Amino acid sequence: MIFKTVDLVKDFGCLRAVDKVNLEIAEGEIRAIIGPNGAGKTTFIDLIAKRLRPTSGRIYFKDKDITNLPPYRISSLGIGKCFQISKLFLELSVFENVQVACISKRGKVYKMFSSNSDVCLASDTMKVLESIGLSKMAEERAASLSYGDQRRLEIGITLAMQPTLLMLDEPTAGVSRSEGNDLMKLVKNLAKDLSLTIIFIEHDMDIVFNYADNISVMHQGQLVATGKPEEIKINKFVHKIYLGD
Amino acid sequence: MWKALVKKRFFIFALIAVVVLSIVGPILPRYYTQLLTLTLITALFATSLNIEIGYAGMMPLGQATFYGLGAYSFGLLVIKAHLPIFPAVICGLLISMIISVIIGYLCIRRNLFIFGLLHLAFNIVFITLVSKWVNLTGGSSGFTATLRPAFLSSYVSFYFFVLVMVVVAYAIIKILVESPFGKIAQGMRENEERLNFLGVNTKRFQLVLFVASGFFAALAGVLLAMNNNGIYPAYFALTVSVQGLMMVIIGGMYFFIGPTLGALLVTIFSTEVSNFTSYWQGWLGVVMVIWVTRFKEGILFRRQSKASKKIPAIEMNK
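Since the structure is predicted, the reported quantities are computational estimates derived from the model, not experimental observations.

Another point: the overall build of chain A. Broken down by element type, chain A carries ten helices and ten strands. Computed over C-alpha atoms, the radius of gyration of chain A comes to 18 Å, within 12% of the 18 Å expected from 2.2 N^0.38 for 245 residues, which places it in the range of a compact globule. Projected onto the principal axes, the alpha-carbon positions of chain A cover approximately 60 × 40 × 30 Å. Counting across all 245 residues of chain A, residues that qualify as buried make up 46%. In chain A, the proportion of contacts linking residues at least 24 apart, taken out of those at least 6 apart, comes to 65%.

Right, here's the structure in full:
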C-alpha cells in the first residue's frame, strides 16, 4: 500500500466531519471518493493534504507517518493536491506558473544570485505544459485562461512537483461534460505514463464509473463502502444514500 | 547571474540614468545636488520596501524601523564605540540584519495582515526606545557628529559616493528579483497557500525576504546618517514608513523602477510645496487619495497598460 489512514477523525466543535476513516490505496491505483454533499470528502482530502489537522488517527504515506507534517513537507515527499477552486498564480504567465513549481522541485527556492533559466530550463517547464496541452498558451496570463484550461494548469503545476500520489478535489466541477471527460482522459493518461496513484473526489457519476479503478463511498463522515465500480453500482446501501428509501 | 542586468532595455535605461546623474549632479547648484543625494537615498529606501510589497505581496507598515536601525547602529558605533567609519558601516549593517531576523521571526507568525500590524508595533517600540534612552541614543535630540570620512566631506564627492552605493544596491536587488528567489516571491504575492503546497516553507521564505528588504533599508539609513552627519529619532518616524509606502504606490509597485520614480515625485512635491505652505504633508495626503483612487497601480502601470496588454508580472522582469 502506498497510502493509508488509520482511524482518521476530524471534529469541528461538536460536529464530527470525518469519523474513523480507514482507507488503503495501492500503488498506481485511481481511487474515486464519492458521497452526498456534506459527507466529509473534502475534509478528508484536506486532512491528507494537511490543510486541516486531524483530531485523532494517523496518516501513512509509503509507510512513513505523515500525520503531523506541514503541507510543504508532504508536498516534498511526493503528495500533490489540486484544489476544488483552482489556486493559481493568476497574474503570472502560464509558463511562470509551472516554472515556480519547477524551481521548488529542484530545491532552488533560495537561489538569489542565478538566473531563472540557469536552474530551471525552459524545456523542463515546456515539457509539463505540453503534457497538459497548454504549451501554445505559455505566454498567456493565467487569469485570462478559460476555467477548463485553468483546471489543466492546476494539474500541470502539481505535476511539475513530480508527485507519486495526486489528489484531485472535484477536478471537473464547473467545466462542460466534454471538457470534464478530456480532463479525466488526460489525468488517466498521465497516471499511466508517470505511474501516479490518484485519489479524486467527484460528483459526476459517469466520470467516476468510467475512470476509477476503485470507489470509496463516504456518508456522514464515515467510509461506508469500497469496491470496484461494478460492485458500487449495485450496492444497495449506496443507492439508499443517494436516492433515499 | 548577470543576465538580469544585461537585459538590453534595462541596461540601456540604467546606463543612461547613471550617465545623466553623473553629469547633472556636479553642475547643479549645491542645494539641488544635496536634494538629489537625499532623493537617491530615499529611492533606495522605497525600493527596499518594494521587495516586500511589489514582489511578494507583503505589507511592511513599519519599514522606518530598519531605516532608523541602520542609521543608529552605524552612528552609535562611530560616536560611542569610536569605530572608524567603514568598519562601522559594515558592523552597523550586520547589527541591523541580526535585529531584523528577530523582528521578522516575531512578525511573521500568522497572516500578512497581522504581519503588517506587528511590524508597525515594532516601529513604535523603536521610536520610543531611541527617544527615551537618552544615555545611549541622545534621546529626542539625537547626536550630531562627523559621520563621513574626510574624502567625502564635500557635497559633490558625497553625492558620487551615494550614487555608487545606490547603483550597486540596485544591481544586487535587480539580480535578486530576477533570480529563482524573486520568482518564488512573485508566487507568494499571488497565492501563498498554493506555494506552500508546492513544497515551499512560506514563513521561512518571508523571513528571508524580510531580512533582505531590511538590509537595504538599513543601508539607506546609513547613507542618511552620513548625509545629515547625525542620528535623530525622526529617522524612525511613522511618517517615514508612510512616505515610503506612498512612493511605492505612486511610482508603481509592479515595476522595478516604480519606487524610484515615486521617491522623485514625493521629494519634488514635498520640497516645492513646503516652500509655499507648512501644511505640505496634508496636501501630500490629498494627492495620495486622488492617486490611489485614480491610478491605483501607480503611474508606470497606467502608462504601460495603455501601451500594451502585457501584464505587470511580466513587465516587472524586463
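What follows picks up the thread again.
Once that is clear, we can look at the sheet that holds strand 6 (residues 79-82) of chain A. Residue and element names in this part refer to chain A. The six strands lie next to each other as 6-7-8-3-9-10, forming an open sheet whose pairing is mixed. Among the strands making up the open sheet, the edge pair consists of strand 6 and strand 10 (222-227). Averaged over all neighbouring strand pairs, the angle between strand axes comes to 20°, with direction disregarded. Two elements, strand 9 (residues 214-219) and strand 10, share five bridges in a ladder whose sense is antiparallel. Bridge pairing in strand 10 links M218 to L223.

Here the focus is the interface of chain B and chain A. Each side of the interface is counted separately: chain B has 29 residues, and chain A has 33 residues. Those elements that place two or more of their residues in the side of chain B that touches chain A are helix 7 (155-178), helix 8 (180-190), helix 9 (192-196), helix 10 (202-228) and helix 15 (312-315) of chain B. Residue contributions to the side of chain B that touches chain A peak at seven residues, all from helix 8 of chain B.

With that settled, consider helix 5 (residues 122-131) of chain A. Residues and elements named next belong to chain A. Three or more residues of helix 5 are buried, namely T125, V128 and L129. Along the axis of helix 5, the buried positions cluster into a sector of 100°, meaning they face one direction only. Residues of helix 5 that are buried in the fold lie against helix 3 (94-105) and helix 6 (147-160).

Moving on, we come to the pairing of strand 4 (residues 56-61) of chain A. Residues and elements named next belong to chain A. Examined bridge by bridge, strand 1 (residues 3-12) and strand 4 share five bridges and lie antiparallel to one another. Across the sheet, F3 pairs through a bridge with F61, a residue of strand 4. Bridge analysis of strand 4 against strand 5 (residues 64-65) gives two bridges, and the strand direction is antiparallel. Its bridge partner being in strand 5, Y60 is matched across the sheet by D65. Two successive antiparallel strands, strand 4 and strand 5, enclose a turn made up of two residues, where K62 displays a positive phi of approximately 50°.

All names here are of chain A. Here chain A is described as being made up of domain 1 (1-78 + 165-245) and domain 2 (88-162). Distance between the C-alpha centres of domain 1 and domain 2: 26 Å. On the side of domain 2, ten residues touch domain 1, which itself brings ten residues to the contact. Considering each element in turn, the side of domain 1 that touches domain 2 owes the most residues, five residues, to helix 7 (residues 177-194).

Residues Y67, A220 and V222 of chain B are the most contacted members of the largest nonpolar core, which totals 149 residues. The residue makeup of this core includes at least three contributed by each of domain 1 (1-78 + 165-245) and domain 2 (88-162) of chain A. A220 of chain B has contacts with I41, L44, F45, S48, Y67 and G70 of chain B, leaving out every residue within four places of it along the chain.

Residues and elements named next belong to chain B. Across chain B, pLDDT averages 87, with 91% of residues at or above 70. In the predicted structure, residues 302-318 sits below a pLDDT of 50 and forms 22 contacts with residues beyond four places in sequence or in another chain. Here the complex is predicted with pTM 0.87, and the ipTM for its interfaces comes to 0.87.

About the cut-offs
- Residues numbered from 1 in each chain as written.
- Chains lettered and ligands numbered in written order.
- Predicted model: local features only at pLDDT ≥ 70, side-chain atom pairs only at ≥ 80, totals over all residues.
- Helix = DSSP H or I, 4+ residues; strand = E, 2+ residues; numbered from the N terminus.
- Rg over C-alpha atoms; globule rule 2.2 N^0.38 Å.
- Buried ≥ 20, exposed ≤ 12 C-beta atoms within 10 Å, placed from the backbone.
- Contact = placed C-beta atoms within 7 Å.
- Pairing = 2+ DSSP bridges.
- Axes fitted to C-alpha atoms, helices over the stretch in contact; angles between N-to-C directions.
- Arc of directions from axis to C-beta.
- Domains from an automatic or database assignment.
- Core = buried A, V, L, I, M, F, W, Y, C linked by C-beta atoms within 7 Å.
- pLDDT = per-residue confidence, 0-100.

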